[in-house]
Amino acid sequence: MDIGIISSRYARALLSFAIENKEEQLVYAEMQQLCDCFIKLPQVQQTLQNPVVSNDNKLKLLLAAVAVEGKVSASTSRFCQLILDQNRCEIMQFVASSYIAQYRKHCGITKSRFIVPASVSDATLARMKAIVQQAVSGQVEFETVVDASIGGGFILEYDTYRVDASLKTQLQKISKGM
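Quick caveat, the model's predicted, so the values are computed rather than measured. (Residues numbered from 1 in each chain as written. Predicted model: local features only at pLDDT ≥ 70, side-chain atom pairs only at ≥ 80, totals over all residues. Heavy atoms only, no water.)

**Some details on the environment of Ala-148**
For Ala-148, the position within the fold is in the loop between strand 2 (139-146) and strand 3 (155-158). Expressed as a C-alpha distance, the spacing of Ala-148 and Val-27, which sit 121 residues apart in the sequence, is 34 Å. (Helix = DSSP H or I, 4+ residues; strand = E, 2+ residues; numbered from the N terminus.)

If you want it as structure tokens, here you go:
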């Protein structure tokens, strides 16, 4: 069976379970924490896939990775145990990503990124967030990323849209003769 289908089913079950326990927002933060952990520390995934490491140690590792402010929700704790009991540790990264996507869809949250070459004023950020807010319905999770490589201008991404007004892209278009 496809990893995407399996992880999506596990994530849907976790979301349902978390909603029943009124912990869906906390589990959302924990799954974001876990995704960040997998990105920053690839050794976590390697350890979870290692058959020599005991399930108890894998559980401790997962719980440490998802802990937000040193605490883990009951829903996430029970879910991690289920994942270990079913020998599905290798898909935990995909489950976490799928949970985040399903939670956002369930709550009507749109992820937005505003990429700039240097920090900008709070007023500019508020204006850009308001533009995105007008374009979508529901909540907006607005993230600002400073990336000096774009040279100047900005890149705004939300939903399936991307507005690239960066100097780097404009120079590339000119050099290609567009």
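The rest of the description comes next.
**Focus: the pattern of salt bridges**
For the structure on display, the rule yields five salt bridges. Between Glu-141 and Arg-104 there is a salt bridge; the shortest N-O distance is 3.0 Å. In this pair, Glu-141 is assigned in strand 2 and Arg-104 in helix 6 (residues 92-107), connecting sequence segments 37 residues apart. The shortest N-O distance in the salt bridge between Arg-162 and Glu-157 comes to 2.4 Å. By relative accessible area, which is 17% here, Glu-157 ends up buried. Bridged by salt links that share partners, the residues Arg-113, Glu-157, Arg-162 and Asp-164 form one connected network. (Salt bridge = Lys/Arg side-chain N within 4 Å of Asp/Glu carboxyl O. Buried < 20%, exposed > 50% of the residue type's maximum accessible area, 1.4 Å probe, protein only.)

**Quick look at the packing of helix 1 (residues 3-20) against helix 2 (residues 24-40)**
At a minimum axis distance of 8 Å, the contact between helix 1 and helix 2 shows a crossing angle of 140 degrees. The pairing of helix 1 with helix 2 is recorded here as oblique in orientation. Here helix 1 contributes Leu-14, Leu-15, Ala-18 and Ile-19 to the contact with helix 2, which in turn contributes Glu-24, Val-27 and Met-31. Residue composition of the contact of helix 1 with helix 2, grouped by class: six nonpolar, no polar and one charged. (Axes fitted to C-alpha atoms, helices over the stretch in contact; angles between N-to-C directions. Parallel < 35°, antiparallel > 145°, perpendicular 65-115°, else oblique. Contact = heavy atoms within 4.5 Å. Nonpolar A, V, L, I, M, F, W, Y, C, P; charged D, E, K, R; others polar.)

**Some thoughts on the environment of Ala-165**
Turning to its location among the elements, Ala-165 is positioned in the loop between strand 4 (161-164) and helix 8 (167-175). Separated by ten residues in sequence, Ala-165 and Ile-155 have C-alpha atoms that sit 5.8 Å apart. Residues in contact with Ala-165, not counting those within four places in the same chain, are Gly-152, Gly-153, Phe-154 and Gln-170.

**Quick word on the nonpolar core**
Among the nonpolar cores identified, the biggest contains 32 residues, and Tyr-10, Met-31, Leu-34, Phe-79, Met-92 and Tyr-99 are the most heavily contacted of them. Those elements that provide at least two residues to this core are helix 1, helix 2, helix 3 (42-49), helix 4 (55-66), helix 5 (74-85) and helix 6. Examining the composition of this core, we find that seven residues originate from one element, helix 2, more than from any other. Residue contacts for Met-31: discarding those within four places in its chain leaves Leu-14, Val-66, Thr-76, Met-92, Ala-96, Tyr-99 and Ile-100. Phe-114, Val-116, Met-128 and Val-136 belong to the second largest nonpolar core, which has eight residues in total. (Core = buried A, V, L, I, M, F, W, Y, C linked by side-chain atoms within 4.5 Å.)

**Some points on unusual backbone geometry**
The phi torsion at Glu-69 lies on the positive side, around 55 degrees, for a residue other than glycine. On the accessibility criterion, Glu-69 (78% relative accessible area) is exposed. Non-glycine residue Asp-159 carries a positive phi angle of around 50 degrees. Position of Asp-159 relative to the elements: it lies in the loop between strand 3 and strand 4.

**Notes on the packing of helix 2 against helix 4**
With their axes 7 Å apart at the nearest point, helix 2 and helix 4 run at an angle of 110 degrees to one another. By the angle between their axes, helix 2 is roughly perpendicular relative to helix 4. Together, Glu-30, Met-31, Gln-33, Leu-34 and Cys-37 of helix 2 and Leu-62, Ala-65 and Val-66 of helix 4 make up the contact between the two elements. Looking at the contact of helix 2 with helix 4 residue by residue, the class counts come to six nonpolar, one polar and one charged.

The values reported here are purely geometric and, on their own, carry no functional implication.
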